[in-house]
Protein chains: 2
Amino acid sequence: MSGADQAPDEFGQIERLFRPLTRGAPEAFDLLDDAAAIPGRPGHDLIVTKDAMVEGVHFLPSDPPDLVARKLLRVNLSDLAAKGAEPYGYFLATAWPRTFGWEARKQFASGLAVDGERFGLVLLGGDTVSTPGPLSLSLTMLGWAPTGRMVRRSGARPGDLLMVSGTIGDGLLGLKAAHGDVSDPDGYLAGRYRVPNPRLDLREFLRATATAAADVSDGLIADAGHIAKASGVRARIELERVPLSAAARAWAAAQADLFEALSELAAGGDDYEVVCTAPRPLEGFTVIGAIEQGEGVELSWRGETRRPAKSGWKHG
Amino acid sequence: MSGADQAPDEFGQIERLFRPLTRGAPEAFDLLDDAAAIPGRPGHDLIVTKDAMVEGVHFLPSDPPDLVARKLLRVNLSDLAAKGAEPYGYFLATAWPRTFGWEARKQFASGLAVDGERFGLVLLGGDTVSTPGPLSLSLTMLGWAPTGRMVRRSGARPGDLLMVSGTIGDGLLGLKAAHGDVSDPDGYLAGRYRVPNPRLDLREFLRATATAAADVSDGLIADAGHIAKASGVRARIELERVPLSAAARAWAAAQADLFEALSELAAGGDDYEVVCTAPRPLEGFTVIGAIEQGEGVELSWRGETRRPAKSGWKHG
C-alpha cells in the first residue's frame, strides 16, 4: 500500500520493462518464446547491424539511463541510415550490475520507449543477465532495404566526390563539454554527444546515387578511411570544406593552430552523420573532397597535402 | 623475427580473428561494412534468438576460451533446435577485458571456428569493444524455419504428453563437478556443462507433431513452466520418469532422499535438451508427464502430487 514501486522478479521485470516495447508485434510472441520469427519482406534484404556499449567506455556512469538507452538505439540506427535502410526492430542484451536498480531500469526502458515510438521500432527479443562489472549493453538492429540496394562501403571510385552530412566535430566537443572541458552554455554540444540524431532522412538521396557510405562514428577521417579501404581507393579531405556548427567554429577559432584544430575535429568520433561518395553532389550533403587512385586518407589544407602534427593520426 | 605472435591493432584483430569465420558468406561483406544484408529465403521465416554470457556468472574465469566460445554458440543453437529451426549464422558482440589478451582471443576465435564449421554457421557481423569489467559476450543467432512453422512455446493443450530429449540434470552436476563438488572420473559431467550438445537432430520430429517446445536451459521445471505459462495450461512432471544419465542416477542414489535429489536435478539448468508437448509420443523423446488444465508446474512422485522441501522451488 506504500507509494514505492517494488522491483518484480526477473520475469516480472521483462513483462513490465520490455514487453510494452514490442508494441504488439506478433513476431515477438510477447517475449514469451525462445526466439522471434521474422517473415521475409518480398523484394527486400534484411539489413542487420550490431553495436555494444559499456559504461565508463562508451558512456559516463553519470549519464541518465534513459539517455543511454536512446543513444544505444541511435548509434545503431545511424548504421542503418548510412546503408539507406528503413528501421524495423531490434534485439537487446543487457548485463545489469546490482547497483543499476529498479528505478534506473525503468528509466532505461522509458528511453527505449520514447525512441522506439519515434523511429517506429519494435523490440523483437533479447536477454537480460546480471554482471559483477559495469553496465554492458548490446543491440542488434534490423532494417529493410530493397534487394541488393544496401549502400555499401565498397563502391567508391576515383573521380567520385566525397561528401558529409550535417556538421562534424560536435561529438568530440560534446564529450569534452560533458567533462566540463569545453564551454557549452546552451547544452548543444553535450546534447549531440548524448543523444545523436541518426540521419534516416537521407535514405532516399543515398539510395539514389551514392556509390559508398558509412556513418561517422569512429571519426570523419577514420570512417572515410573505411570507405577507402573497402573500395580500394584514396579519400582526400579538403579540411577547410568540412562543415562545422557555430559552436565548433567558435572553438576552432580559439585554438592556437586552425589546421590542427580542424584535424582534431575531423579525427573525433560520435558525430553520427553520414560520409558518402557519389559522382555528383547529393542533396543534404556538403562536398568535402574527392576519391582518387591510391589508398588511405589524405588531408588537404588550402590546396596542399598536409599531415597533422598531433599524435594519434593514422594514415588510412 | 621472434616466434611470438604479436597482437595486431583493432582492425587487424578483426581481420585475423573474425573474418575467417564468415567463411566467405557474401552477406557479411568480409566484415568491412557497417551492416550485413541478408536476402530472404522464400517460404521461410528468419528465426532469431539472443543470449548473453558474462564471466563469473555464466562461465568460470578458468574455463578455456575456446570452450567458452563453443558454449556461447551452442546455447544459442539450442534455442534454434527447440524451435525446429535450421542454423544459418550469427552476430557476435565481445567486450574484452585487457587481461583477455591476444592468445586468449585467438583461442576464443578457434572455438568459434571449430563449431562454426561443425554446425555450418557463418559469422555475419558484430562489434568488439573493451571493458574494465569481466569478459562479456552476446550472440544473436539466426536460423530458418518454414513460414509459420516455428515450434512455439504456446501451443500445448490439455491431454498432450509432456516429453524431454536426452537426460536431465547433467548440466547441474557438471557445474558441481567443475567446482570439484561431485566426482566425475571420466569428465562426462563437466563436459556436458562446458560443451552442451544442441539437439538439432530432433528438428524434423519436432516440426512434424510437437504442439510446443522450449530448450532446457533454466532447468526442466522452469522451462516446462515457460511452456505452461505461454500456453495457459499446467504441466505435470512425473518425476520418476525423468530420464537420467548413469552418472546422474549414481549421484541421485547416493543422496539421502531420492525425491528431493531428482527434484534438484529437474530444477537445475544448463542441460540444453528439449522439452516439448505433443498429442502422441515423439521419436527421440521420453514421456515424462502430461499437460492438464490449470497453470504452472506440478510434480508427481509415484502417483501423488508432491512439492520438494528445498528452498528455491517456485510454483510455475
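Residues numbered from 1 in each chain as written. Chains lettered and ligands numbered in written order. Predicted model: local features only at pLDDT ≥ 70, side-chain atom pairs only at ≥ 80, totals over all residues. Heavy atoms only, no water.

Caption draft 1: Spatial organisation of the interface of chain B and chain A. Each partner contributes residues to the interface: chain B has 56 residues there, and chain A has 56 residues. Of the roughly 4100 Å² buried where chain B meets chain A, counting both sides, 56% is carbon and sulfur surface. Where chain B packs against chain A, one counts eight salt bridges. Put simply, the parts of the chain that give the side of chain B that touches chain A at least two residues each are α1 (10-18), β1 (36-39), β2 (44-54), β3 (86-96), β4 (122-130), β5 (136-146), β7 (212-215) and α7 (220-231) of chain B. Sorting elements by how many residues they give to the side of chain B that touches chain A places β2 of chain B first, with 10 residues. The class makeup of the residues in the side of chain B that touches chain A is 27 nonpolar, 12 polar and 17 charged. (Contact = heavy atoms within 4.5 Å. Buried area = accessible area lost by both parts, 1.4 Å probe. Salt bridge = Lys/Arg side-chain N within 4 Å of Asp/Glu carboxyl O. Helix = DSSP H or I, 4+ residues; strand = E, 2+ residues; numbered from the N terminus. Nonpolar A, V, L, I, M, F, W, Y, C, P; charged D, E, K, R; others polar.)

Caption draft 2: Quick look at the packing of aromatic side chains. Taken as a whole and assessed by the stated rule, the structure comprises 12 aromatic pairs over all chains. Each ring, one from Phe18 of chain A and one from Trp96 of chain A, has its centre 6.4 Å from the other, and the planes form 10°; the classification is stacked. Taken as a pair, Phe18 of chain A in helix α1 (residues 10-18) and Trp96 of chain A in strand β3 (residues 86-96) lie far apart in primary sequence, 78 residues in all. Assessed through its relative accessible area of 6%, Phe18 of chain A is described here as buried. Judged by its relative accessible area of 5%, Trp96 of chain A is buried. Each residue in the set Phe18, Trp96, Phe100 and Phe108 of chain A is aromatic and connected to the rest through ring pairs, giving one cluster. Here Lys71 of chain B stacks its cationic end above the ring of Tyr193 of chain B, 3.7 Å away from the centre of that ring. (Phe/Tyr/Trp six-rings, centres within 6.5 Å; stacked < 30°, edge-to-face > 60°. Buried < 20%, exposed > 50% of the residue type's maximum accessible area, 1.4 Å probe, protein only. Lys NZ or Arg CZ within 6 Å of the ring centre and 35° of its normal.)

Caption draft 3: Inspection of the packing of helix α2 (residues 65-82) of chain A against helix α3 (residues 102-119) of chain A at higher detail. All names here are of chain A. One can describe the packing of α2 onto α3 by two numbers: an axis separation of 6 Å at closest approach and a directional angle of 40°. Classified by the interaxial angle, the pair formed by α2 and α3 is oblique. In terms of crossing hand, the pair formed by α2 and α3 is right-handed. The segment α2 lies against α3, with Pro65, Asp66, Val68, Ala69, Arg70, Leu72, Leu73, Arg74 and Leu77 engaging Ala104, Gln107, Phe108, Ser110, Gly111, Leu112, Val114, Asp115, Gly116, Arg118 and Phe119. For the contact of α2 with α3, the per-class residue count stands at 11 nonpolar, four polar and five charged. (Axes fitted to C-alpha atoms, helices over the stretch in contact; angles between N-to-C directions. Parallel < 35°, antiparallel > 145°, perpendicular 65-115°, else oblique. Left-handed = near helix turned anticlockwise from the far one by under 90°.)

Caption draft 4: Summary view of the UniProt feature "domain: PurM-like C-terminal" (unreviewed entry) in chain A. If you check UniProt for "domain: PurM-like C-terminal" (unreviewed entry), the listed places come out as residues 157-295 of chain A in our numbering. Taken end to end, residues 157-295 of chain A has its terminal C-alpha atoms 12 Å apart, with 38% of it in helix and 19% in strand. (UniProt positions renumbered as here; feature names shortened; annotations may be inferred.)

Caption draft 5: Unusual backbone geometry, seen in detail. Residues and elements named next belong to chain A. Backbone geometry at Phe29 places phi at a positive 50°, although glycine is not the residue there. The backbone phi angle of Asp270 is positive, close to 70°, even though this residue is not glycine. Locating Asp270 in the fold gives a position in the loop between α9 (258-267) and β9 (274-278).

Caption draft 6: Layout of the UniProt feature "binding site: ATP" (unreviewed entry) in chain A. As recorded in UniProt, the sites labelled "binding site: ATP" (unreviewed entry) are Gly126, Asp127, Arg153 and Ser217 of chain A. On the basis of their most widely separated C-alpha atoms, the annotated residues across 92 residues do not gather in one place, lying as much as 30.9 Å apart. Relative to the helices and strands, Asp127 of chain A resides in strand β4 (residues 122-130). Beyond its immediate sequence surroundings of up to four residues, Asp127 of chain A is in contact with Leu92, Ala93 and Thr94 of chain A together with Lys50, Asp51 and Ala52 of chain B. As for its position among the elements, Arg153 of chain A is in the loop between β5 (136-146) and β6 (161-165). With a relative accessible area of 10%, Arg153 of chain A lands in the buried category. Ignoring anything within four residues of it in the chain, the contact list for Arg153 of chain A reads Lys83, Ala212, Ala213, Ala214, His226, Ile227, Ala230 and Ser231 of chain A together with Leu32, Asp33 and Asp34 of chain B.

Caption draft 7: Here's a closer look at the packing of α1 of chain B against helix α3 (residues 102-119) of chain B. Residues and elements named next belong to chain B. Contact geometry of α1 with α3 gives a least axis separation of 9 Å together with a crossing angle of 35°. Residues Gln13, Arg16, Leu17 and Phe18 of α1 pack against Trp102, Arg105, Lys106, Ala109 and Leu112 of α3. Considering only residue class, the contact of α1 with α3 consists of five nonpolar, one polar and three charged.

Caption draft 8: Inspection of the sheet that holds strand β8 (residues 234-238) of chain A at higher detail. All names here are of chain A. Strand order across the open sheet formed by seven strands is β7-β9-β6-β10-β8-β11-β12, with mixed pairing between neighbours. Since the sheet does not close on itself, it has two edges, and those belong to β7 (212-215) and β12 (304-305), each with one partner. Packed on one face of the sheet, α2 meets β7 and β9 and runs near 170° to β7. (Pairing = 2+ DSSP bridges.)

Caption draft 9: Quick look at helix α8 (residues 246-253) of chain A. All names here are of chain A. Three or more residues of α8 are buried, namely Ala248, Trp251 and Ala252. Seen from one end, α8 has its buried residues packed into an arc of 95°, which puts them on one side. Away from the buried face of α8 by more than 90 degrees, exposed residues Ala246 and Ala253 are located. (Arc of directions from axis to C-beta.)

Caption draft 10: Looking closely at the pattern of salt bridges. For the structure shown, the criterion picks out 44 salt bridges over all chains. Residue Glu292 of chain A is joined to Arg234 of chain A by a salt bridge in which the shortest nitrogen-to-oxygen separation is 4.0 Å. You can see Glu292 of chain A sitting in strand β10 (residues 285-292) and its partner Arg234 of chain A sitting in strand β8, a full 58 residues away along the chain. The salt bridge partner of Arg207 of chain B is Glu204 of chain B, with a shortest N-O separation of 3.5 Å. Of this pair, Arg207 of chain B and Glu204 of chain B both sit in helix α6 (residues 203-209), separated by three residues, roughly a single helical turn.

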